[in-house]
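# What the coordinates show
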Amino acid sequence: MAATEFELIDRYFNQAGLVFDRAGVVLGPGDDAAILSVSPERQLLVSVDTLNEGVHFPAGAPPHLLAERCLRVNLSDLAAMGGDPVGFTLALSMPDVSESWLQAFSSALAQVAREFNCVLLGGDTTRGAFSVTVQVHGEVPRGQALLRSGARAGDGIYVTGTLGNGAAALSYLQAKSDLHDCDQPDPECEYWLNAFYRPVPRLKESQVLRGLASAAIDISDGLASDLVHIIEASSRACGRALGAALEVSRIPHSDEFQRLAPEEQQLELALSGGDDYELCVCIPPQHERAAEAALAATGTQFTRIGVVDGHAGVRLVDDNGQAEPLTIHGYRHFDAAPPSPGTARAPRGKP
Ligand code: ADP
Ligand code: MG
């Protein structure tokens, strides 16, 4: 089987020749963003994501929606670190120039930039296959970034919002004859377009969790995969095998998701569908009440779905206490046949 994106990164890029000790670099590859030390009080966060046509967004995606998605998913990585957005660079590659497309794209981008106080810093505009790369820069008080590696046995596992909407939105849109055209007014269609193209980066939620959470990640590839990233990074950091028990019936879903997704598919969509851009957060027992109160003040749903423990691997626990190992995983690039360009297949996961 072909190597997954994570095996390729480890084999070729996460190696001593490229990732070495250097003053000012606090954290390199492996988390949602890198951390650089720039002042005694603040640290800089850097993260980049590419969105390719036919892989991360369907061909023909309307420019205003594409603009929203490409900045929002990047901001989600800053949220995963507990950071405040500062600015972003934009590398845009297009086969031809359409000024009306660029007008709509840039206006929508400006709205998101204003909403999250994240300024355009520069970029690169080139001819080529259609692709948008955004690199976001954020800041965090020194030492307060939320890493993937801080979870320990006994920590509660929480998620913000609900899971499954990203995957359900994609199948809803793909089932329509025109992916992006909602008959007006069609609140259901608008809801799923927003779910896919306008995920809410959980910035205010993660900022109040600084000092309370032991670990965090944003759920871009699916809870199954992203929680395993936390467990693996935390096991390496503490030198002992950690695992997790997830209580299946506690995994939160939206009402819309429950109406749309067949019941027998709901768990799999929520665990491996990806594109939710919610946070998965671990909280040490002594901070759980404070974290729940802090999140309640933001008005965002915050659900305890399990616990980190010392039994290796992630297990799914049903209402009778029966446990089975988690076997499904989230989206991984290069894992299967590549999506055919120009189709709407698999627009999720990040390289
Ligand atoms: P996310 O889903 O949070 O955007 P990814 O799954 O894209 O993260 O990447 C996982 C980790 O691997 C990140 O820390 C990212 O910086 C790192 N990474 C990905 N591609 C490369 C690369 N070509 N070189 C170095 N690091 C990489
Ligand atoms: Mg991430």
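Before any of the text, the structure's been laid out above.
It should be emphasised that the depicted structure is a prediction, and the values quoted were computed from it without experimental measurement. (Residues numbered from 1 in each chain as written. Chains lettered and ligands numbered in written order. Predicted model: local features only at pLDDT ≥ 70, side-chain atom pairs only at ≥ 80, totals over all residues. Heavy atoms only, no water.)

## Here we look at a nonpolar patch on the surface
Taken together, the side chains of I9, Y12, F13, L18 and V19 define a hydrophobic patch exposed on the protein surface, amounting to about 470 Å² of accessible area. Its place among the elements puts V19 in the loop between helix 1 (5–13) and strand 1 (25–27). Look at V19 and you get partly exposed, because its relative accessible area is 34%. (Patch = residues over 30% accessible without salt bridge, like charges linked within 9 Å, V, L, I, M, F, W, Y side chains within 5 Å. Areas by Shrake-Rupley, 256 points an atom, 1.4 Å probe, with all protein chains shown as cover. Salt bridge = Lys/Arg side-chain N within 4 Å of Asp/Glu carboxyl O. Helix = DSSP H or I, 4+ residues; strand = E, 2+ residues; numbered from the N terminus. Buried < 20%, exposed > 50% of the residue type's maximum accessible area, 1.4 Å probe, protein only.)

## Some thoughts on the nonpolar core
Residues L71, L75, F88, F105 and L209 are the most contacted members of the largest nonpolar core, which totals 67 residues. Broken down by element, this core gets its largest block of residues, 10 residues, from helix 2 (residues 63–80). Excluding residues within four positions of it along the chain, F105 makes contact with P63, L66, A67, C70, L90 and V132. Residues L227, L246, L271 and C280 belong to the second largest nonpolar core, which totals 25 residues. (Core = buried A, V, L, I, M, F, W, Y, C linked by side-chain atoms within 4.5 Å. Contact = heavy atoms within 4.5 Å.)

## Here we look at the state of the cysteines
Counted according to the given criterion, the structure contains zero disulfides. Free cysteine: C70, not disulfide-bonded; nearest cysteine sulfur from C118 at 11 Å. Just so you know, C280 is unpaired, no disulfide at all, and the nearest cysteine sulfur is the one on C282, 5.5 Å from it. (Disulfide = S-S within 2.5 Å.)

## As for the coordination of the magnesium ion (ligand 2)
With distances of 2.0 to 2.1 Å, the protein atoms coordinating the magnesium ion (ligand 2) are D32 (OD), D77 (OD) and D218 (OD). Given a relative accessible area of 5%, D32 falls into the buried group. By relative accessible area, which is 1% here, D218 ends up buried. (Donors = N, O, S within 2.8 Å, 3.2 Å for Na, K, Ca; no water.)

## Focus on the sheet that holds strand 10 (residues 279–283)
In space, the seven strands of this open sheet follow the order 8-10-7-11-9-12-13, with mixed pairing throughout. Two strands lie at the open edges of the sheet, namely strand 8 (215–218) and strand 13 (323–325), each paired on one side alone. For this sheet the average axis-to-axis angle between neighbouring strands, irrespective of direction, equals 25 degrees. Alignment of strand 9 (residues 243–247) against strand 12 (residues 313–317), held across five bridges, turns out to be parallel. Among the inter-strand pairings, E247 is bridged to a residue of strand 12, identified as V317. (Pairing = 2+ DSSP bridges. Axes fitted to C-alpha atoms, helices over the stretch in contact; angles between N-to-C directions.)

## Examining helix 7 (residues 223–238)
In a regular helix each residue adds 1.5 Å, so 16 residues correspond to 22 Å; helix 7 covers 22 Å between its end C-alpha atoms and thus fits that length. Taken as a whole, helix 7 has its buried residues at L223, A224, S225, D226, L227, H229, I230, I231, A233, S234 and S235. Backbone geometry just downstream of helix 7 places G239 in the positive-phi region, at approximately 75 degrees. (Expected span 1.5 Å × (residues − 1).)

## Side note on the sheet that holds strand 5 (residues 119–127)
The strand order across the open sheet built from six strands is 1-2-3-6-4-5, with neighbouring strands paired in mixed fashion. Sheet topology places strand 1 and strand 5 at the edges, where each strand pairs with a single neighbour. In this sheet, adjacent strand axes meet at a mean angle of 20 degrees when their direction is disregarded. Strand direction decides the pairing type here: strand 4 (residues 84–94) and strand 5, joined by eight bridges, are parallel. Bridging from a neighbouring strand, T89 pairs with G122 of strand 5. Strands in contact with helix 3 (residues 99–115) are strand 4 and strand 6 (131–141); relative to strand 4, the strand with the most contacts, it is inclined by about 170 degrees.

## Structural notes on the pattern of salt bridges
A side chain of one charge can pair with a side chain of the opposite charge if their charged atoms are brought near each other. Applying the stated rule across the entire model yields 15 salt bridges. The closest approach of N and O atoms between R42 and E139, which form a salt bridge, is 3.5 Å. Note that R42 is positioned in strand 3 (residues 42–52) and E139 in strand 6, a separation of 97 residues in sequence. Judged by relative accessible area, which is 29%, E139 ranks as partly exposed. Between R304 and E288 there is a salt bridge whose closest N-O contact spans 2.7 Å.

## Some points on the environment of A169
Examined against the element boundaries, A169 turns out to sit in helix 4 (residues 165–174). The spacing of A169 and I328 is 159 residues in sequence and 20 Å in space, taken between C-alpha atoms. The residues contacting A169, other than those within four sequence positions of it, are W192, A195 and F196.

Coordinates in, geometry out; function isn't part of it.
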